Amino acid sequence: MKKFFLITNEAKDPDGAFTNKITTFIEKHGGEAICVKNERQALAEKGMAGIDCALVLGGDGTLLRAAGNMMDSDIPLLGINLGTLGYLAEVESTCAEESLEMLLKDEFVREERMMLSGRVTAREERYALNDIVISRCGSLQILNVRIYVNDRFLNDYCADGVIVATPTGSTGYNLSAGGPIVEPSARLLLLTPICPHTLNTRSIVFSPEDEITVEIPEGKDGHEQVVEANFDGSNTITLRTGERIRIRRSDKTTGIVRLNTESFLTVLHKKMSEA
């Protein structure tokens, strides 16, 4: 690898000192670094020819945004963590130069992570690397949702919402909601209720070929429900009573660069010890 996009979370590197450090290191070692503030605009203006990797300087949220903006580029991402606890951003800032040396020597593995697609009838299809979250909108009221799998009724949930997550997203909101942790290169779908108002509701694991449909029925006393479908924490669609969102594995994937030769369980143990 020789040519890099640098995508920086300016809130976590406000004076640009770390970005400049990374740029200088790459250039001193014969590489090229292109700093971008808007990756979509940069791809449109500069094109993607010759770009080997996008270095995402920030945290998991920054990497998720970059994944969404660059999912059609076939450029893999490497996250350098400037935040606190990051599962997606593999490289810690203190190890950045050592990691860049490995990249410049082509000592890495590229993983293709599965993504989700979600579509509400007659609306544009949208995508997520981590999860699609259906949650209440507005006042703090219990949300009723109806779940179908492959057009067969599964269950009604009375909860604060539901999460449909990928294995990559299993360590995100899914984990906070009590869902299982899954090895990120796996292929499956996770359905996890958020704060369910019953005692026997658990996460369910589905095949990657399954399609999960979330329907918004009438609320308590027949009132209309207004909810949000949130894609990777930023891209939101509003749904109302009677509408459905169909969620399935996308044909698109996100390329993630891996430098760490440690097993997933070893990395997980370290992250959990830091929490």
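Scroll up to find the structure this text is about.
The residue count restarts for each chain, going from 1 along the sequence in the order it is written. It should be noted that, the model being predicted, local features are given only for residues of pLDDT at least 70 and side-chain atom pairs only at 80 or more, the latter also being counted only at that level, while totals for whole chains, interfaces and linings use all residues. As a rule here, side-chain values come from all non-hydrogen atoms in the structure, and water together with hydrogens is ignored.

## Quick notes on the overall build of the chain
For step 1, the next point in the chain: A run of H or I in DSSP counts as a helix once it spans at least four residues, and a run of E counts as a strand once it spans at least two, with each numbered from the N terminus. Assigned secondary structure in the chain consists of six helices and 17 strands.
For step 2, the next point in the chain: In terms of C-alpha radius of gyration, the chain reaches 20 Å, essentially the compact-globule figure of 19 Å for 275 residues.
For step 3, the next point in the chain: Once the C-alpha set of the chain is aligned to its principal axes, its extents read approximately 65 × 40 × 35 Å.
For step 4, the next point in the chain: Relative accessibility decides the category of a residue: with a 1.4 Å probe and only protein chains considered, values under 20% of the type maximum give buried, values over 50% give exposed, and everything between is partly exposed. Within the chain, the fraction of its 275 residues that count as buried is 47%.
For step 5, the next point in the chain: Every residue pair with non-hydrogen atoms within 4.5 Å of one another is taken to be in contact. Nonlocal contacts in the chain, meaning residues at least 24 apart in sequence, comprise 68% of its contacts between residues at least 6 apart.
For step 6, the next point in the chain: Two residue types count as positive, namely Lys and Arg, and two as negative, namely Asp and Glu; His and chain ends fall outside the count. A charged residue contributes its charge at one atom only: NZ of Lys, CZ of Arg, CG of Asp or CD of Glu. Charge separation in the chain, taken as the distance between the mean sites of 30 positive and 40 negative side-chain charges, equals 2 Å. Every radius of gyration here is taken over C-alpha atoms, with the globule rule written as 2.2 Å times N^0.38, N being the number of residues.

## Side note on the sheet that holds strand E12 (residues 189-194)
Hydrogen bonds along the backbone pair up the strands of a sheet, which may run parallel or antiparallel.
For step 1, the next point in the chain: Whether two strands pair depends on DSSP finding at least two bridges between them. Strand order across the open sheet formed by six strands is E13-E12-E11-E8-E15-E16, with antiparallel pairing between neighbours. At either margin of the open sheet sits one strand with a lone partner, and together these are strand E13 (204-206) and strand E16 (235-240). Each neighbouring strand pair of the sheet contributes to a mean axis angle of 20 degrees, computed without reference to strand direction.
For step 2, the next point in the chain: Across three bridges, the pairing between E12 and E13 is antiparallel. Bridged to Leu-191 within E13 is Ile-204. Orientation is described by axes fitted as lines to C-alpha atoms, over the contacting stretch for helices, and by angles from 0 to 180 degrees between their N-to-C directions.

## Side note on the pairing of strand E9 (residues 143-149)
For step 1, the next point in the chain: Buried residues dominate E9, accounting for five of its seven residues.
For step 2, the next point in the chain: Bridge analysis of E9 against strand E10 (residues 152-159) gives seven bridges, and the strand direction is antiparallel. Opposite Val-149, over in E10, you have Arg-152 as the bridge partner.
For step 3, the next point in the chain: Linking E9 to E10, which pair antiparallel, is a turn of two residues; within it Asn-150 sits at a positive phi near 55 degrees.

## Observations concerning a nonpolar patch on the surface
For step 1, the next point in the chain: Residues Leu-175, Ile-181 and Met-272 make up a contiguous nonpolar surface patch of about 230 Å² in total accessible area.
For step 2, the next point in the chain: Mapped onto the elements of the fold, Ile-181 is located in the loop between helix H5 (173-176) and E12. Patch building starts from residues that exceed 30% relative accessible area and form no salt bridge, then joins like charges within 9 Å and nonpolar side chains (Val, Leu, Ile, Met, Phe, Trp, Tyr) within 5 Å. Exposure was quantified through the Shrake-Rupley algorithm and a 1.4 Å probe, taking into account, for residues, occlusion by the shown protein chains and nothing else. Just to be clear on terms, a salt bridge is a Lys or Arg side-chain nitrogen sitting within 4 Å of an Asp or Glu carboxyl oxygen.

## Some details on the environment of Ala-229
For step 1, the next point in the chain: Within the fold, Ala-229 resides in strand E15 (residues 226-231).
For step 2, the next point in the chain: Spatially, the C-alpha atom of Ala-229 lies 9.0 Å from that of Arg-136, the residues being 93 residues apart in sequence.
For step 3, the next point in the chain: Non-local contacts of Ala-229, meaning those with residues more than four positions away in its chain, are made with Val-133, Ile-134, Asn-235, Thr-236, Ile-237, Leu-239 and Ile-245.

## Let's talk about helix H1 (residues 17-28)
For step 1, the next point in the chain: In this analysis, the expected span of each helix is defined as 1.5 Å times one less than the number of residues it contains. Compared with an ideal rise of 1.5 Å per residue, which puts 12 residues at 16 Å, H1 spans 16 Å between its outermost C-alpha atoms and is within 8% of the ideal.
For step 2, the next point in the chain: Every buried residue belonging to H1 is among Phe-18, Thr-19, Ile-22, Thr-23, Phe-25 and Ile-26, and all of these are buried. On an axial view of H1, the arc spanned by its buried residues comes to 165 degrees, and they lie on one face.
For step 3, the next point in the chain: Close packing links the buried residues of H1 with strand E1 (3-8), strand E2 (32-36), strand E3 (53-58), strand E4 (77-81) and helix H4 (96-104).
For step 4, the next point in the chain: Positive phi appears at Gly-30, one or two residues downstream of H1, with a value of about 85 degrees. In this description, the arc belongs to the directions extending from the helix axis to the C-beta atoms.

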